[in-house]
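Residues per chain, in single letters:
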Amino acid sequence: WSWGGRKGQGLNLARKNEEEKKERETEELKKEVVMDDHKLTLEELSTKYSVNLTTGHSHQRAKEILIQDGPNTLTRPPTTPEWVKFCKQLFGGFSLLLWTGAILCFVAHGIQIYFHEEPAKDNLYLSVVLAVVVVITSCLSYYQEAKSSKIMESFKDMVPQQALVIREGEKTQINVQDVGLGDLVEIKGGDRIPADLRLISARGCKVDNSSLTGESAPQSRSTDFTHENPLETRNIGFFSTDCVEGKYRTISNLDMAVAQTPLFGVSSSREPKLFLWQCMEGVCLALTTKRMARKNCLAKDLEAVETLGSTSIICLDKTGTFTQNCMTVAHMWFDLRENDESRQRKTFANNSDTWFILAQISGLCNRADFKPNQETLPSAKRATTGDASESALLKFIEQSYSSVAEMRKKNPTVAEIPFNSTNEYQMSIHFREDSSQTHVLMMKGAPERILEFCSTFLLHGQEYSMDNELKEAFQNACLELGGLGERVLGFCFLNLPSSFSKGFPFNTDEINFPMDNLCFVGLVSMIDPPQTTVPDAVNRCRSAEIKVIMVTGDHPITAKAIAKRVGIISENTETAEDIAARLRIPVSKVNPSDAKAIVHGSELKDLHSEQLDQILRNHAEIVFARTSPQQKLIIVEGCQRLGAIVAVTGDGVNNSPALKKADIVIAMGISGSDVSKQAADMILLDDNFASIVTGVEEGHLIFDNLKKSIMYTLTSNIPEIAPFLLFVVLGIPLPLGIITILCIDLGTDMVPAISLAYESAESDIMKRRPRNPKMDKLVNHRLIAMAYGQIGMIQAVAGFFTYFVIMAENGFRPIDLLGICLYWEDKFLNDLEDSYGQQWTYERRKVVEFTCQTAFCVTIVLVQWAHLIVSKTCRNSVFQQGVRYKILIFAILEETFLAAFPSYTPGTDVALRMYPLKISWWFCAIPYSILIFVYDEIRKLLIRQRPGGKASLGPAPTEWSPAP
Amino acid sequence: MTKNEKKSLNQFLAEWKLFIYNPTTGEFLGRTAKSWGLILLFYLVFYGFLAALFSFTMWVMLQTLNDEVPKYRDQIPSPGLMVFPKPVTALEYTFSVSDPTSYAGYIADLKKFLKPYTLEEQKNLTTCPDGALFEQKGPVYVACQFPLLLLQACSGMSDPDFGYSKGKPCILVKMNRIIGLKPEGVPRIDCVLKVGYLQPLVAVQVTLAPNSAENEVTVECKIDGSPNLKSQDDRDKFLGRVMFKITAHA
């Protein structure tokens, strides 16, 4: 039994649903789509929706629209009614078996009434008890199921899609369902389109309509009306499709009927499984999701947690994953010298013209903006929209130069090329009212890329033509800043000739303006300081033998600096470059196996897959730098070729190929784009890498706890079966009957088994290797050997001991019991002699027999006490682990009560044939309980002393077996 | 997954063969001889120890037992009743007066049952006072004589056929032995012949109507006159009572 297959099944099911649903919807779809919004001009559009195309709706109007039209959501597929769910619990799987049993008992009783005048009422009572048990347990499991599906629901609500709308001229982030008809929406690369939209302005926009049309290639979108069919025209974007790159401003028009993609239904059909295990799984799921959510780690399903537990490689996208994701400007380099922002803010600020221009570019060629309604806060603490480095620049300029909003008002943007990973630059053209040259082109981006555009440079406000001296200084500055792990941006500008007068139609798709011979201004470097918890988390991963691979778009030097800071490259190891520098030999001559790998993206491009495998296999610490999204995919595939389970973190839309390939996708809750959140199996709400480790830990834990629970419930099978075997073989009166077996399986064992799910992690949980999902099964031969061969045997022997004690103390010595059962079961033999010559009627000796059965049941409960305590750990001593007393004591009390209650309650002797026990009989099990405890402690001691030993002696049932 | 399913039968067999015995590693069923040996040794020691613990606890328990009196007697506070001869099926006696073989079994059974009660066998037993409890303090216990003559016609002394040949079959009703049972009052066994015959005796002799071809009587015997000896229990049909049926053919 594993969760492995379920993902596939779920997908198939969803696909099937999709087909069915499509059929249903074809009828609706045949109705012609009535829509003409794409044909309208902007003015017509403005009047139609009575909205101002620059400032948007007023808040009041938006509210009215929302009330009038309702929230902007797809109708969800109809959910199964609650009573159907309940009936499924009541009549499904194992419950059905119990019902059959109850009905059979009832029928048997009816037959007895028919044939005998005064039938024994055993069967009637048994059928009633069975029915009550089924009803109670299905109520419990229904409750459990409802609870866990509620958690799933809340998960959906916890990651609401956001949309950036413009209302009363302000950009506001709102939930997608609040977007109303005619709202102005701004969308950038990576966003999910929040409604059916008509584009009113667009720059380099591309959308991925694959969820709607199946076309995987991104399609470019612009404001032009290109096709009669609304599905074909370029100026419409559809709800729930993704914007891949670019930025555009749109107006939402919700009155359009478009084929809705069915929401993914979570497959709830399960194979009929043992009832108890079902309960345990439910509890584990609920507990784990809850526990992880408390640690800011949201898992979409149990499978995700489980996969994370077997993860052996984590591919980290640097950005945001283990940094604070709060870029701050650290250094600036202009006028051929470096300015340390943190120390010299006051001194350098006002005395250079270069600084003035640099600040202008930083503020204008910048798409970040402060969120509204927080003017009172200091600018460093204000929330912003836009990407991290732009926000850093924005805050920096706001603090040390002047109000950016004012600057932007004076110099409105007329054209823009947004940053993307192929360009590696961002360009904007601004209109200047107060200057002779009406337009200025500003650009920022990767320093090398910026330098390519430039032919001059700015020194103290004067332009000089580019020379080698500058280039060298530039290179050094880049290296130095990058070596500190900082992200360096280059800035340049160009005053466009006055021929580009006001109103010139700049076209960024087919460039109709000069974009070369720019003037280089300077560099600004920013750093995103690593989170303080990350080095520890990386260490913990390493001790769990999880490889942490950094895959980043950054410069190798930056990547190395960050990797060193957080311990991905450990303190005393050297890279090939370090060795080369130390030995004064060229890098190419360094033996690659001596060094920790840092692979440049361009190298990666030329590597064969064998070479990549070699790198992945031979190096413990790997950093891939300057990688493109395609290369990230290659890396993930390479890892998987080696048999690793790969977790990939990603916060950007550019990661999606790699995300799709990964075994488990971890998205960032704060910085992550909607696309990555949708694709994610797990979301880190606090964007903290350490939370991944929590997830891994939980993955190990849930596997551990399930194993413990299963071990616990399996064990009592032996003392349940052995009595019947000995009854047949030795001819002794039956030591354990059906009712008492049911009492153990459905009563006493239930809560303790579930309580094991509450068990907290053992201290060594992160020192174990990742589980190999192919080799390590939930139930393996070691667990079986342990449960059946050892603990189960001890329990059975304990039960028999109690049985013989009661028999002997009532007059039947063990030796006389052998073979007695032929006479014992004879209803008309009413003077069966015991060892003392007393003569027993059939009924009286049956009472003794049932008393023995009750005592056997109680004995199993008592030895299960010890077993429950030892099951709490698989390697650590119980004394090391410490025990969560509340749940343990509750479980023990509950199982004892369930055993004692039917024994001592008057009337149960008639109904259940369980009889009161003498106090001394409760103590028979004690030596065996102690034996279980001592035996298991010794076993754990041996395992701890010989870690990783294959231990044919001292088998470890819950040990992770070594990876091949 | 699909790859596994498509494995040919030959491959499957070959894999099994390799599993059963792998000549390269010397593994038999996935383990080497040494590994199997260790496992065997482990379980030998383990079960040996378990058996020792079981034996020890049993020994301790047996030490606490008394040789004469069982530790607890509360499970049989009151004796049951049992009849002799023991019928083959349920509690029904079927015989034919004219056919001696049909009741030979009953007579043999009765004789065997009464053998310990003959004068020779009871020689060493004490004669006890009639109508009073005979209490002993030990350590040597003696048993009371039970004069067979008390059974009168059913003693087998005057009539070796116990009345079966005459259509007056004898059935002995016996009270089960319980150690330390002290009846209060004067217990007696009342038998009620459901057809209307009454004989307050431990030995019941039923006189069947001589001329009918087939006779069927049901007799119920009960302990009476002693408040601590129960004769009424919903479940236990033999607690202080017994019911049997005699069917006699001509």
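An unreviewed UniProt entry lists chain B under the name Sodium/potassium-transporting ATPase subunit beta, with Aotus nancymaae as the source organism. Of the comments in the UniProt record for chain B, the one headed Sequence similarities (unreviewed entry) reads "Belongs to the X(+)/potassium ATPases subunit beta family." Quoted straight from UniProt, the Subunit (unreviewed entry) entry for chain B says "The sodium/potassium-transporting ATPase is composed of a catalytic alpha subunit, an auxiliary non-catalytic beta subunit and an additional regulatory subunit. Interacts with catalytic alpha subunit ATP12A."

As annotated in an unreviewed UniProt entry, chain A carries the name Sodium/potassium-transporting ATPase subunit alpha and comes from Aotus nancymaae.

**Student:** Help me understand the overall build of chain B in this model?
**Tutor:** When helices and strands are tallied, chain B shows 4 helices and 9 strands. Order of helices (α) and strands (β) in chain B, N terminus to C terminus: α-α-β-β-α-β-β-α-β-β-β-β-β. Taken as a whole, chain B presents about 15600 Å² of accessible surface, with 62% of it coming from carbon and sulfur.

**Student:** Teacher, can you tell me more about the UniProt feature "transmembrane region" (unreviewed entry) in chain B here?
**Tutor:** In the numbering used here, UniProt assigns the feature "transmembrane region" (unreviewed entry) to residues 38-62 of chain B. Annotation note: span residues 38-62 of chain B, helix share 100%, strand share 0%, distance between end C-alpha atoms 35 Å.

**Student:** Would you mind going over the environment of F457 of chain A with me for this structure?
**Tutor:** Residues and elements named next belong to chain A. Secondary-structure assignment places F457 in strand β17 (residues 454-459). Relative accessible area serves as the criterion here: at 6%, F457 is assigned to the buried category. F457 sits 64 residues away from V521 along the chain, and the two C-alpha atoms are 6.0 Å apart. Not counting residues up to four positions away in its chain, the partners in contact with F457 are Q462, E463, Y464, S465, M466, D467, L470, C519 and F520.

**Student:** Explain the confidence of the model for chain B to me, please; I cannot follow it from the model alone.
**Tutor:** Detailed reading of the predicted coordinates is not advisable wherever pLDDT falls low. All names here are of chain B. Within chain B, residue pLDDT values average 78, and 86% of them lie at 70 or more. Across chain B, helix α3 (residues 33-63) holds the top mean pLDDT of 92, while helix α1 (residues 2-5) sits lowest at 44. Across residues 1-5 the pLDDT falls below 50, and counting only partners more than four positions away or on other chains, this stretch makes 0 contacts in the model. Segment residues 195-201: pLDDT under 50, and 13 contacts once partners within four positions in sequence are set aside and those in other chains are kept.

**Student:** How do you make sense of the packing of helix α25 (residues 689-715) of chain A against helix α26 (residues 717-730) of chain A when you look at a structure like this?
**Tutor:** For any two helices packed against each other, one specifies the crossing angle of their axes together with the interaxial distance. Residues and elements named next belong to chain A. The N-to-C vectors of α25 and α26 enclose an angle of 15°; their axes lie 5 Å apart at closest approach. Regarding the angle of α25 to α26, the classification is roughly parallel. From α25, T713, L714 and T715 reach across to α26, where they touch N717, I718 and P719. Residues of the contact of α25 with α26, tallied by class, amount to 3 nonpolar, 3 polar and no charged.

Thresholds, definitions, all that
Residues numbered from 1 in each chain as written. Chains lettered and ligands numbered in written order. Predicted model: local features only at pLDDT ≥ 70, side-chain atom pairs only at ≥ 80, totals over all residues. Heavy atoms only, no water. UniProt positions renumbered as here; feature names shortened; annotations may be inferred. Helix = DSSP H or I, 4+ residues; strand = E, 2+ residues; numbered from the N terminus. Areas by Shrake-Rupley, 256 points an atom, 1.4 Å probe, with all protein chains shown as cover. Buried < 20%, exposed > 50% of the residue type's maximum accessible area, 1.4 Å probe, protein only. Contact = heavy atoms within 4.5 Å. pLDDT = per-residue confidence, 0-100. Axes fitted to C-alpha atoms, helices over the stretch in contact; angles between N-to-C directions. Parallel < 35°, antiparallel > 145°, perpendicular 65-115°, else oblique. Nonpolar A, V, L, I, M, F, W, Y, C, P; charged D, E, K, R; others polar.

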